[in-house]
Amino acid sequence: MTRLRFALLNAAHDGGNTRRNFRRELDADLVEFSASDGHLPDHTEFDGVVVTGSRSSVYWDEEWIPPLVDYVAEAADAGLPVLGVCYGHQVVAEALGGRVAGMDEFEIGYNEVRHRGDDELFAGIDEAFTVFTTHGDAVVELPQNATLLAENDHGVHAFRDGHCWGVQFHPEYDLETAREVTEGKRERLGDARVDAVLAEITPDAYDAACEAKPLFDNFVAYARRLKADRESVAAAGD
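Our subject in this report is the structure included herewith. (Residues numbered from 1 in each chain as written. Predicted model: local features only at pLDDT ≥ 70, side-chain atom pairs only at ≥ 80, totals over all residues. Heavy atoms only, no water.)

## Observations regarding a negative patch on the surface
Then, in step 1: There is a patch of like negative charges on the surface, built from D126, E127, D204, D207 and E211.
Then, in step 2: With respect to the element layout, E211 can be found in the loop between α7 (203-209) and α8 (214-237). (Patch = residues over 30% accessible without salt bridge, like charges linked within 9 Å, V, L, I, M, F, W, Y side chains within 5 Å. Areas by Shrake-Rupley, 256 points an atom, 1.4 Å probe, with all protein chains shown as cover. Salt bridge = Lys/Arg side-chain N within 4 Å of Asp/Glu carboxyl O. Lys, Arg positive; Asp, Glu negative; His and termini not counted. Charge placed at Lys NZ, Arg CZ, Asp CG, Glu CD. Helix = DSSP H or I, 4+ residues; strand = E, 2+ residues; numbered from the N terminus.)

This is the structure we're talking about:
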């Protein structure tokens, strides 16, 4: 079986953990672009696009952000499956006409999210599931044609619009990443809160959060089916 080829738009400013995590979780050949350095594909000849997390906000005045949003909109218009994670989720929302804003309270740590309906991205995942979250922004207006798929008390945690999905949480995180990201929030959140979150980053919590990892395989399976369907239609037209 031919492996799919995805564009990995790495929006992290220190992309090592991000690169390792997505390469581990996605069963596809990943062509990586350092989006935060202004590097993006000059075409949409991929089987899918994945947009990673970032410490930036989509509404910041940074020159690399509008081209990233524009490319995701272009990929969506071209009919590519797109998966955005955390910051990537917010980029997808903005690219499709939604709106992102800062939150009153930062969400961080292993938290429960609830998904609704029977969307294929969440196939095999319990209605209520544990995931690692770390974000101070949220999608406050969904794109016009989007469907809300998951949420918790902090707001939107997943949506779908056509072949595009966004998930606010981090199903790709391992324990090392969760701890490192949390340590990096001391200046923003203070020692007491960071220490409390670190105490809850345990192997058991990670094992519980692994129950959300099937969404990566589900996304790859969707991209494979979509490609096969299009190739079948094209062959029938020959």
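Right, picking up where we left off after that structure.
## Topic: the packing of aromatic side chains
Then, in step 1: By the definition in use, this model includes 10 aromatic pairs.
Then, in step 2: Ring centres of F129 and F169 lie 5.4 Å apart, and the angle between their planes is 75°; this geometry places the pair in the edge-to-face category. Taken together, the residues span a long stretch of sequence, with F129 in strand β6 (residues 128-141) and F169 in the loop between β9 (164-167) and α4 (175-183) at a distance of 40 residues.
Then, in step 3: A relative accessible area of 3% means that F129 is categorised as buried.
Then, in step 4: In this structure an aromatic cluster arises from ring pairing among F6, W165, F219 and Y222. (Phe/Tyr/Trp six-rings, centres within 6.5 Å; stacked < 30°, edge-to-face > 60°. Buried < 20%, exposed > 50% of the residue type's maximum accessible area, 1.4 Å probe, protein only.)

## Description of the pairing of strand β8 (residues 155-161)
Then, in step 1: In terms of residue burial, β8 counts as a mostly covered element, since six of its seven residues are buried.
Then, in step 2: Note: strand β7 (residues 147-152) against β8, five bridges, orientation antiparallel. Each bridged residue has a counterpart across the sheet, and for L148 the counterpart in β8 is F159.
Then, in step 3: Connecting the antiparallel pair β7 and β8 is a turn made up of two residues.
Then, in step 4: Bridging between β8 and β9 involves four bridges; their strand directions are antiparallel. (Pairing = 2+ DSSP bridges.)

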